[in-house]
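Observations on the three-dimensional arrangement
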Amino acid sequence: MRPASVSECSPLCLLGVLTLLLCPSSLHACSSPPKIKHGYFKDISESWYSPTVVQYECEEGYALVGAATISCRLFDWSSPAPQCKALCLKPEVPNGKLSVEKDQYVNPETVTIQCDPGYRMVGSASISCSENKSWSPDVPKCEREVPEDPNIVLGGRKLLHCLPSHRDSKMALELHKLSLEIEKLEQERDKEKSI
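Below, the structure is looked at part by part. (Residues numbered from 1 in each chain as written. Predicted model: local features only at pLDDT ≥ 70, side-chain atom pairs only at ≥ 80, totals over all residues. Heavy atoms only, no water.)

**Topic: the overall build of the protein chain**
Scanning the protein chain from N- to C-terminus turns up three helices and 13 strands. Here the protein chain holds 195 residues, and the buried ones make up 18% of them. Counted over contacts in the protein chain with a minimum sequence separation of 6, partners at least 24 positions apart contribute 37%. Total accessible area on the protein chain is roughly 14400 Å²; 58% of this is exposed by carbon and sulfur atoms. (Helix = DSSP H or I, 4+ residues; strand = E, 2+ residues; numbered from the N terminus. Buried < 20%, exposed > 50% of the residue type's maximum accessible area, 1.4 Å probe, protein only. Contact = heavy atoms within 4.5 Å. Areas by Shrake-Rupley, 256 points an atom, 1.4 Å probe, with all protein chains shown as cover.)

**A look at the packing of aromatic side chains**
One pass over the structure, following the stated rule, counts two aromatic pairs. Ring geometry for Tyr-105 versus Trp-135: centroids 5.3 Å apart, planes at 70 degrees, classification edge-to-face. Taken together, the residues Tyr-105 in strand β8 (residues 104-106) and Trp-135 in strand β12 (residues 135-136) connect sequence positions 30 residues apart. Just as Tyr-105 is buried, Trp-135 falls in that class too. (Phe/Tyr/Trp six-rings, centres within 6.5 Å; stacked < 30°, edge-to-face > 60°.)

**Here's the deal with the sheet that holds strand β6 (residues 83-89)**
Spatially, three strands are ordered β3-β6-β8 in an open sheet, and the strand pairing comes out antiparallel. The outermost strands of the open sheet, each flanked by one partner alone, are β3 (62-65) and β8. Looking at each pair of strands side by side, their axes are set apart by 40 degrees on average, direction ignored. Bridging between β3 and β6 involves four bridges; their strand directions are antiparallel. Residue pairing across strands places Tyr-62 opposite Ala-86, the latter belonging to β6. (Pairing = 2+ DSSP bridges. Axes fitted to C-alpha atoms, helices over the stretch in contact; angles between N-to-C directions.)

**Considerations on the pattern of salt bridges**
Considering all chains together, one arrives at seven salt bridges under this definition. The salt bridge partner of Glu-143 is Arg-120, with a shortest N-O separation of 3.5 Å. Of this pair, Glu-143 sits in strand β13 (residues 141-144) while Arg-120 is found in strand β10 (residues 119-122), placing the two residues 23 residues apart along the sequence. Overall, the relative accessible area of 35% leaves Glu-143 in the partly exposed class. When its relative accessible area of 42% is taken as the criterion, Arg-120 is described as partly exposed. (Salt bridge = Lys/Arg side-chain N within 4 Å of Asp/Glu carboxyl O.)

This is the structure:
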């Protein structure tokens, strides 16, 4: 059986051949690129007859997660569209430490806060970066622990008044803070031994 000549080809066949010759990008025909929340795409195709290639970018305050560039291949996109995830700035917690230190965190990252010795947590120790670019629940505070026994406070004030200079008072406070840290470490060590 010999191949059909152009003269034997139906008008529909000719239309198909012309379409392929004049519009080779129709071989790659994909639906329009997927839209993404808090982001946009731009067509970066090299020419009108090459496959469609789009590049995604995020609005300010959001980070791109996934492939930034996707292309049309045989009626489908090469990969799913990326996502734009909210960015949260590093939480400021005076007298506290973060479990992970970074300048920015991406939704839904979670951070744990631990207060310095001599300070107690007010709020939740675990916070997460939310979609609205804020921490949820609110960033906690580390407040100085006040001894339950008021006589300790009065005794400390009397001791500070007895010291001859400001530098000696400061040294006494630093030694007291150090003793609190040592006491806390000993409690943690004893707790680990009992497990």
